[in-house]
Amino acid sequence: YFGNNILNTVGRLIKKKLPNVKKICIISDNKLPKILLKKLIKSLKKYDLKVYKLSANEKTKSLNVANKIIEQLLKDNFNKSDCVIAFGGGILGDLSSFISNLTKRGLKFINIPTTLLAQVDASIGGKTGINSSQGKNLIGTFYQPDFVLSDVSILKSLPKREMISGYGEILKHSL
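Reference entry: report on the structure contained in this document. On a predicted model such as this, the values are computed, not experimentally measured, just so you know.

Thresholds applied
Residues numbered from 1 in each chain as written. Predicted model: local features only at pLDDT ≥ 70, side-chain atom pairs only at ≥ 80, totals over all residues. Heavy atoms only, no water. Helix = DSSP H or I, 4+ residues; strand = E, 2+ residues; numbered from the N terminus. Rg over C-alpha atoms; globule rule 2.2 N^0.38 Å. Buried < 20%, exposed > 50% of the residue type's maximum accessible area, 1.4 Å probe, protein only. Areas by Shrake-Rupley, 256 points an atom, 1.4 Å probe, with all protein chains shown as cover. Lys, Arg positive; Asp, Glu negative; His and termini not counted. Charge placed at Lys NZ, Arg CZ, Asp CG, Glu CD. Arc of directions from axis to C-beta. Contact = heavy atoms within 4.5 Å. Pairing = 2+ DSSP bridges. Axes fitted to C-alpha atoms, helices over the stretch in contact; angles between N-to-C directions. Salt bridge = Lys/Arg side-chain N within 4 Å of Asp/Glu carboxyl O.

Scanning the chain from N- to C-terminus turns up six helices and nine strands. Against the compact-globule benchmark of 16 Å for 175 residues, the chain has a radius of gyration of 15 Å, which places it among compact chains. Structurally, the chain occupies a C-alpha span of about 45 × 40 × 25 Å along its principal axes. Burial statistics for the chain: of 175 residues in total, 49% are counted as buried. Just so you have it, the chain exposes about 9500 Å², and 54% of that area is on carbon and sulfur atoms. Treating the 29 positive side-chain charges of the chain as one cloud and the 12 negative ones as another, the clouds have centres 6 Å apart.

This is the structure in structure tokens:
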């Protein structure tokens, strides 16, 4: 789903596309403006929510962080019909899809990319990955999201450098 100011439709889309979801885990970038997370949470008020706010850096994309969240999801009795939502850039999208894929052999997964780079590249293709001590993205799977929601209004919150990085990715793909 692609549009301007559509973040508030996530709850309705889940109800329509994933009617058996009861519990939702949001894995969010802690640098996102608080108003965006509040808007997403408001849209999901009918669901039992768990929210993790993480730093979006390569150290976060680790087996240790993934294991902590998976263990908590298991403790909270998430099942195959429940859902994980990535709400951030490519790093959190990779981590969240990895967690979704491994927990109970596959929870529902929704990707809400919040950077231009993630909207044009990282949210497409279903690649998941975390880092190991041997290198970047060496542990991973392929796991397609149930849907991707790209709200272009979120891009207004990005610094200029992030936008340029996304435009560079668009140019690379077009070449």
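All of the buried residues in helix H1 (residues 10–17) are Val10, Gly11, Leu13 and Ile14. Projection of H1 onto a plane perpendicular to its axis shows the buried side chains occupying an angular sector of 165 degrees, all on one side. The exposed residues of H1 that point more than 90 degrees off its buried face are Arg12, Lys15 and Lys16. Those residues of H1 hidden inside the fold are in contact with strand S2 (23–29), helix H2 (34–43), strand S4 (83–88), strand S5 (108–113) and strand S8 (147–148).

Now for the sheet that holds S4. Consider a sheet: its strands pair through backbone hydrogen bonds, and that pairing is either parallel or antiparallel. Spatial ordering of the open sheet is given by S3-S2-S4-S5-S8, a layout of five strands whose pairing is parallel. Because the sheet does not close on itself, it has two edges, and the strands there are strand S3 (48–54) and S8. Note: S4 against S5, six bridges, orientation parallel. Paired with Ile85 across the strands is Ile110, a residue of S5. Its contacts with the sheet place helix H4 (residues 90–102) against S2, S3, S4 and S5, and it is angled at close to 170 degrees to S4.

Right, let's talk about the environment of Ile14 for a bit. Considering the arrangement of structural elements, one finds Ile14 in helix H1. The sequence separation of Ile14 and Phe147 amounts to 133 residues, and the corresponding C-alpha distance is 9.2 Å. Residues contacting Ile14, with those up to four places away along its chain left out, are Pro19, Val21, Ile24, Leu44, Tyr47, Ile85, Ile110 and Phe147.

Next up on the list: the pattern of salt bridges. Scanning the model with the defined rule gives four salt bridges in all. Notably, a salt bridge pairs Asp76 with Lys50, separated by 3.6 Å at the nearest N-O pair. With Asp76 in the loop between helix H3 (63–75) and S4 and Lys50 in strand S3, this residue pair connects regions lying 26 residues apart in the sequence. Lys61 is the salt-bridge partner of Asp94, the closest N and O atoms lying 2.9 Å from each other. One end of the pair, Asp94, is in helix H4; the other, Lys61, is in the loop between S3 and H3, with 33 residues separating them in the sequence. The two residues Asp94 and Lys61 agree in class, both being buried.

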